[in-house]
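Residue-level listing of the chains:
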Amino acid sequence: MPSVVTHTAVRSADVAVIGGGIIGRSVASSAARRGMSVIVVEPGAGTFGTSSANAGHLVPSHVVPFASPGMVRAGLHSLLVRDGAFAVAPRAAVGLVPWLWRFARCSTAANVQRGVPVLRHLLHTTVQEVRRLATAGATLDHRDGGILQVCSTAAGLQALRREADEWGHWGVRTEVLDSAALHAAEPLLTMAAIGAVRLVDDACFDPGLLLAAVTEEGHRHGVVSYDARAARIEPRGDRSARVHTSMGVLDVTRVVVAAGVWTPTLCRPLGARLPIASARGNSVTLPDAPKPNSPMLLHEQRLALSPLTQGLRVTGGYRLTRHEDRAVSSLRSHEIVRRAGQVLDLPVGTQPSNEWTGLRPATPDGLPIVGALPNAPCVLVASGHGMLGSSSGPGTGEVVAALLAGDELPFDPTVVAPGRFARKGSGR
Ligand SMILES: Cc1cc2nc3c(=O)[nH]c(=O)nc-3n(C[C@H](O)[C@H](O)[C@H](O)COP(=O)(O)OP(=O)(O)OC[C@H]3O[C@@H](n4cnc5c(N)ncnc54)[C@H](O)[C@@H]3O)c2cc1C
């Protein structure tokens, strides 16, 4: 049986996965490795989504959910300054009010307490899965040794040291580098860089290669890719469902919707209103630029640097917007290169190339949505991973495969269940 099906047909399987980004492909591979028959429905090769050209930072350090104390103040400050870390597209602003309200209500210590065990499990399982794939021979352009958070102001360094202390309570290992140690380790940095905090256990890979490796492993275990768009999910009682696609109908026992920012549209007719917003970011990949030794986060410039074999990738931007908003902005790409050049010794006249935009599927509590829909138990959701999708994709695959097999999870499943948003006062 070919791995990629391109003709109209009626087919059946244990599981249909809608969406072939890192989450959908990871779910498919994990489920197939447990012996389930799986079809992935994805138009194209999955490169349309957000999983192919992001920063590829593998961050087991990021166990604290984005919605945490202090984030509302930081977000408001960002909105007031030019070029802040966080922005809202004016045309999307009205529609985003309920999401922003929920985000404000979720940014609490209680949300952190609930979220850390889940994120820790997803991130750490992903680290193990990435190591397993690398050991099995997959080319991932994987680089261990930590990520450097580089500062160019004393205030920035102080803030990062405070954050490092806080994260230390959750077991995150960090190391402070003064200016001399930083410049010895990274001769490409300009004197604007005054110090850094290394996130010791973090790493970096090429996200496009991870997506390809997970896809390939799934195909080797019998996953079939259906080159089609899912139009509608029709539950048939609690035990089966029909997926109507642009290429015909699939009859399956379970459906997993892993369609990134497009997930709510598919789930809405099933009675689920999932608050997933589109948080747009951009990247450029500069094939001829010199590369630092470590991946970096430039604190004041709000950029991520990834030294990949294909070039130096620079990513930035967090703009809540509509999911149609995918056009590449040359202005923004030039701005990214200019800001990187403040801290990194880039050759004069470096131009952006391989420009890309992606939409992070962002939830208001900063936690993914994983589990069965309350009104359609045979339909599971695996989405809403925000800025951590590549770092938690293979881990999510393992968790969803466990749910499909009826196994217990090592954390409280209600923390990430889709139904948490339906409860009264769900904004928490
Ligand atoms: C600038 C930027 C930098 C980032 N850096 C990092 C990082 O360093 N580390 C990290 O962990 N994460 C990072 N992320 C976040 C990460 O990219 C996302 O969390 C992740 O890619 C989400 O994966 P996904 O599979 O949920 O969605 P996607 O990759 O968007 O995949 C969804 C897929 O669903 C398909 N689809 C949609 N509708 C349908 C339909 N009706 N039928 C069939 N298929 C459908 C789409 O074609 C798409 O391929 C970054 C994101 C951005 C934007």
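Bear in mind that the values here come from a model prediction, so they are computed numbers and not experimental data.

Peer 1: Give a description of the overall build of the protein that names residues and reports values.
Peer 2: When helices and strands are counted, the protein shows 10 helices and 20 strands. The C-alpha radius of gyration of the protein comes to 21 Å, within 12% of the 22 Å expected for a compact globule of 428 residues. Overall, the protein is about 65 × 45 × 40 Å in size when its C-alpha atoms are taken along their principal axes. The buried share of the protein, taken over its 428 residues, is 51%. A separation of at least 24 residues holds for 77% of the contacts in the protein among residues at least 6 apart in sequence.

Peer 1: Could you give me a rundown of the site of the ligand, with the residues and numbers involved?
Peer 2: Near the ligand lie 42 residues; those nearest to it are Gly21, Gly49, Gly260, Gly281 and Gly389. Mapped by element, the contributors of at least two residues to the shell around the ligand are helix 1 (22-33), strand 14 (277-286), strand 18 (356-362) and helix 10 (389-405). The residue inventory of the shell around the ligand, partitioned by class, reads 16 nonpolar, 23 polar and three charged.

Peer 1: Account for the packing of helix 1 against helix 7 (residues 207-220), with residues named and values stated.
Peer 2: Two elements in contact, helix 1 and helix 7, have axes whose closest approach is 8 Å; the angle formed by their N-to-C orientations is 30°. Viewed along their axes, helix 1 and helix 7 adopt a mutual orientation that is roughly parallel. For helix 1 against helix 7, the interelement crossing comes out left-handed. Contacts between helix 1 and helix 7 involve Ile22, Arg25, Ser26, Ala28, Ser29 and Ala32 from the former and Leu210, Leu211, Val214, Thr215, Glu217 and Gly218 from the latter.

Peer 1: Go over the pairing of strand 8 (residues 195-199), please, and point to the residues and values.
Peer 2: Across the five residues that make up strand 8, a large majority, five, are buried. Residues Gly195, Val197 and Leu199 of strand 8 are buried on one face, and the alternating residues Ala196 and Arg198, pointing to the opposite face, are buried as well. One ladder, built from five bridges, connects strand 6 (residues 147-151) with strand 8; its direction is antiparallel. By the bridge assignment, leucine 148 is partnered in strand 8 with arginine 198. Relative to strand 8, strand 7 (residues 174-177) runs antiparallel, the two being bridged by four bridges.

Peer 1: Talk me through the nonpolar core; I want residue IDs and the actual numbers.
Peer 2: Core analysis: the biggest nonpolar cluster contains 120 residues, and Ala16, Ile18 and Val38 have the highest contact counts within it. The element contributing the most residues to this core is helix 4 (residues 109-135), with eight residues.

Peer 1: Which residues make up helix 10, and what are the values?
Peer 2: Spanning 17 residues, helix 10 covers 23 Å between terminal C-alpha atoms, matching the ideal 24 Å at 1.5 Å per step. At glycine 395, helix 10 is deflected by roughly 35°, the largest bend along its length. Most of helix 10 sits out of view: 15 of its 17 residues are buried. Glycine 406 occupies a position one or two residues after helix 10 and carries a positive phi of about 80°.

Peer 1: Before we move on, can you summarise unusual backbone geometry with the specific residues and values?
Peer 2: Excluding glycine, most residues fall at negative phi; most peptide bonds, likewise, are trans. Its identity is not glycine, yet arginine 302 carries a phi of approximately 55°, on the positive side. Within the fold, arginine 302 resides in the loop between strand 15 (296-298) and strand 16 (303-308). Its 18 C-beta neighbours within 10 Å are what place arginine 302 among the partly exposed residues. At asparagine 354, a residue that is not glycine, the phi angle is positive and equals roughly 50°. Tracing the backbone shows asparagine 354 in the loop between helix 9 (330-343) and strand 18. What makes asparagine 354 partly exposed here is the crowd of 14 C-beta atoms within 10 Å.

Peer 1: Can you break down the packing of helix 4 against helix 10 residue by residue, with the values?
Peer 2: Close contact between helix 4 and helix 10 brings their axes to 7 Å; oriented N to C, the two are set at 100°. Relative to helix 10, the element helix 4 lies roughly perpendicular. Residues His121, Leu122, Leu123, Thr125, Thr126, Glu129 and Val130 of helix 4 pack against Ser391, Ser392, Gly393, Pro394, Gly395, Thr396, Glu398 and Val399 of helix 10. Partitioned by chemical class, the residues of the contact of helix 4 with helix 10 number five nonpolar, eight polar and two charged.

Peer 1: Help me get a handle on the pairing of strand 14, residues and values and all.
Peer 2: For strand 14, a buried count of 10 out of 10 residues is recorded, marking the element as mostly surrounded by other parts of the structure. Pairing between strand 14 and strand 18: seven bridges, direction antiparallel. Note that in strand 18 the partner of asparagine 282 across the bridge is threonine 357. In this sheet, strand 17 (residues 311-321) lies alongside strand 14 in antiparallel orientation, the contact comprising eight bridges. By the bridge assignment for strand 17, valine 284 is matched with valine 314.

Peer 1: Got a sec to walk through the environment of leucine 346? Specific residues and values, please.
Peer 2: Within the secondary structure, leucine 346 sits in the loop between helix 9 and strand 18. In this structure leucine 346 comes out as partly exposed when scored by C-beta crowding, with 19 C-beta atoms within 10 Å. Spatially, the C-alpha atom of leucine 346 lies 41 Å from that of aspartate 227, the residues being 119 residues apart in sequence. Setting aside residues no more than four positions away along its own chain, leucine 346 makes contact with Ala289, Ala340 and Gly341.

Peer 1: Pulling in residues and values, what's your account of the environment of glycine 311?
Peer 2: Within the secondary structure, glycine 311 is located in strand 17. A sequence separation of 22 residues divides glycine 311 from alanine 289, and the C-alpha atoms of the two residues are 6.8 Å apart. Once residues lying within four places of it in the same chain are set aside, the contact partners of glycine 311 are Thr285, Leu286, Pro287 and Ala289.

What counts and what doesn't
Residue positions are counted from 1 within each chain, in the order its sequence is given. Owing to the predicted nature of the model, reporting of local features is limited to residues with pLDDT of at least 70; listing and counting of side-chain atom pairs is limited to 80 or more, with chain, interface and lining totals taken over all residues. Here a helix means four or more residues in a row that DSSP labels H or I, a strand means two or more in a row labelled E, and each is numbered from the N terminus. Our radius of gyration is a C-alpha quantity, and the globule rule it is checked against amounts to 2.2 Å times the number of residues to the power 0.38. Exposure classification rests on a simple neighbour count of other C-beta atoms within 10 Å of a residue's own: a residue reaching 20 or more is buried, one at 12 or fewer is exposed, and one in between is partly exposed. C-beta atoms are placed from the backbone. With C-beta atoms placed from the backbone, a contact is any residue pair whose C-beta atoms sit within 7 Å. Here, nearness means that the C-beta atom of a residue, built from backbone geometry, sits within 6 Å of the molecule or strand in question. Basically, the charged four are Asp, Glu, Lys and Arg, the nonpolar ten are Ala, Val, Leu, Ile, Met, Phe, Trp, Tyr, Cys and Pro, and anything else, Gly included, counts as polar. In this description, a line fitted to the C-alpha atoms serves as the axis of each element, helices being fitted only across the stretch in contact, and the angle between N-to-C directions of two axes falls anywhere from 0 to 180 degrees. By definition in this entry, angles of less than 35 degrees are roughly parallel, angles greater than 145 are roughly antiparallel, angles of 65 to 115 are roughly perpendicular, and the rest are oblique. We call a crossing left-handed when the near helix sits turned anticlockwise from the far one by less than a right angle, and right-handed when that turn is clockwise. DSSP calls a pair of strands paired once it identifies at least 2 bridges connecting them. Linking buried Ala, Val, Leu, Ile, Met, Phe, Trp, Tyr and Cys residues through C-beta atoms within 7 Å yields a set, and such a set is a nonpolar core. A helix is expected to span 1.5 Å multiplied by its residue count minus one. Axes are fitted to the seven residues ending at a residue and to the seven starting at it; the angle between these axes is taken as the bend at that residue.

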